[in-house]
Amino acid sequence: MLGIILTAHGKAASGILSGLEMITGGGDNVKALDFTIENQSSYANEIKNLIDEQLKKYEKVIVACDMAGGTPFNQSVLNGNGKNVKILAGLNFQMAYELVFSETDIDSTVENALNSAKEGIIVFEEPDNNENEDFSEGI
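Just so you know, these numbers come straight off a predicted model, no measurement behind them.

Asks: What is the right way to read the overall build of the protein from this model?
Replies: Scanning the protein from terminus to terminus reveals five helices and four strands. Listed by position from the N terminus, the elements making up the protein come as β-α-β-α-β-α-β-α-α. C-alpha atoms of the protein, sized along the principal axes, occupy 55 × 35 × 25 Å. Of all 139 residues assigned to the protein, the portion counted as buried reaches 39%. Sequence separation of at least 24 residues holds for 65% of the intrachain contacts in the protein that already meet a minimum separation of 6. Surface summary for the protein: the accessible area is close to 8,200 Å², and the carbon and sulfur share equals 48%. For the protein, the distance from the average position of its 9 positive side-chain charges to the average position of its 22 negative side-chain charges is 18 Å.

Asks: Sorry if this is basic, but what is going on with a nonpolar patch on the surface here?
Replies: The grouping of Met 22, Ile 23, Phe 93, Tyr 97 and Phe 101 at the surface amounts to a nonpolar patch, some 560 Å² of accessible area in total. Those elements giving two or more residues to the nonpolar patch turn out to be helix 1 (12-24) and helix 4 (93-100). Within the secondary structure, Met 22 sits in helix 1.

Asks: I would appreciate a short explanation of helix 5 (residues 106-119) in the present structure.
Replies: Think of an α-helix as turning once every 3.6 residues; residues three or four places apart then point the same way. Here helix 5 contains 14 residues, and its C-alpha end-to-end distance of 20 Å stays within 8% of the 20 Å for a straight helix at 1.5 Å per residue. Every buried residue of helix 5 is listed here: Ile 106, Ser 108, Thr 109, Val 110, Ala 113, Ser 116 and Ala 117.

Asks: Would you mind showing me how to read the pattern of salt bridges here?
Replies: It is possible for side chains of opposite charge to pair when their charged atoms get near one another. Counted according to the given criterion, the structure contains two salt bridges. For Asp 52, the salt bridge goes to Lys 48, with nearest N and O atoms at 2.8 Å. Of this pair, Asp 52 and Lys 48 both sit in helix 2 (residues 43-57), four residues apart, roughly one helical turn. Between Lys 86 and Asp 107 there is a salt bridge, and its shortest N-O distance comes to 3.1 Å. Note that Lys 86 is positioned in strand 4 (residues 85-89) and Asp 107 in helix 5, a separation of 21 residues in sequence. Given a relative accessible area of 34%, Lys 86 falls into the partly exposed group.

Asks: Which parts of the structure should I look at to understand the packing of helix 1 against helix 4?
Replies: It is at 10 Å that the axes of helix 1 and helix 4 come closest, and there the two elements cross at 55°. Relative to helix 4, helix 1 is oriented oblique. Between helix 1 and helix 4 lies a crossing of right-handed hand. Contacts between helix 1 and helix 4 involve Ile 16, Gly 19, Leu 20, Ile 23 and Thr 24 from the first element and Phe 93, Ala 96, Tyr 97 and Val 100 from the second. Its residues assigned to classes, the contact of helix 1 with helix 4 comprises seven nonpolar, two polar and no charged.

Asks: Teacher, can you tell me more about the sheet that holds strand 3 (residues 61-65) here?
Replies: Pairing between the strands of a sheet is mediated by backbone hydrogen bonds and can be parallel or antiparallel. Taken in spatial order, the four strands make up an open sheet running 2-1-3-4, and their pairing is parallel. Strands with a single pairing partner mark the edges of an open sheet, and in this sheet they are strand 2 (30-35) and strand 4. For this sheet, the mean inter-axis angle between neighbouring strands, taken without regard to orientation, is 20°. Pairing of strand 3 with strand 4, which is carried by five bridges, proceeds in the parallel orientation. Residue pairing in the sheet places Val 61 in a bridge with Val 85 of strand 4. Lying over the sheet, helix 2 contacts strand 1 (3-9), strand 2, strand 3 and strand 4, oriented at roughly 175° with respect to strand 2. Packed onto the sheet, helix 4 meets strand 1, strand 2, strand 3 and strand 4 and runs at close to 170° relative to strand 3.

So, how was this worked out
Residues numbered from 1 in each chain as written. Predicted model: local features only at pLDDT ≥ 70, side-chain atom pairs only at ≥ 80, totals over all residues. Heavy atoms only, no water. Helix = DSSP H or I, 4+ residues; strand = E, 2+ residues; numbered from the N terminus. Buried < 20%, exposed > 50% of the residue type's maximum accessible area, 1.4 Å probe, protein only. Contact = heavy atoms within 4.5 Å. Areas by Shrake-Rupley, 256 points an atom, 1.4 Å probe, with all protein chains shown as cover. Lys, Arg positive; Asp, Glu negative; His and termini not counted. Charge placed at Lys NZ, Arg CZ, Asp CG, Glu CD. Patch = residues over 30% accessible without salt bridge, like charges linked within 9 Å, V, L, I, M, F, W, Y side chains within 5 Å. Salt bridge = Lys/Arg side-chain N within 4 Å of Asp/Glu carboxyl O. Expected span 1.5 Å × (residues − 1). Axes fitted to C-alpha atoms, helices over the stretch in contact; angles between N-to-C directions. Parallel < 35°, antiparallel > 145°, perpendicular 65-115°, else oblique. Left-handed = near helix turned anticlockwise from the far one by under 90°. Nonpolar A, V, L, I, M, F, W, Y, C, P; charged D, E, K, R; others polar. Pairing = 2+ DSSP bridges.

Shown next, in the form of structure tokens:
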């Protein structure tokens, strides 16, 4: 099993974790760390400690951040790079969902999570002739 850390600006990481717990029941290997106004000065230390804590429990860790170049991403890179840690940017719910069901192989888990995140970004296009469509089972 891999250690998973979700981190993002505001309360996005804990929000995604809350949704995951609702659908999957959660997992001890998944942790969230929000970057907020209240923890701006302590965030670097908090992410370092969380990465180190996860590495004590799991051989490899994936940190999923909201965006490349932001503080959560930058601090994750500074505190996790080269320690059996992979750092991803572009966190969305679909990526996190895929990570919850991670495999033991970190490279295939990262590939699956990135593909899932990309595939989940769509625009719903209503069919041209919706008179024949039956949405009774959902969309």
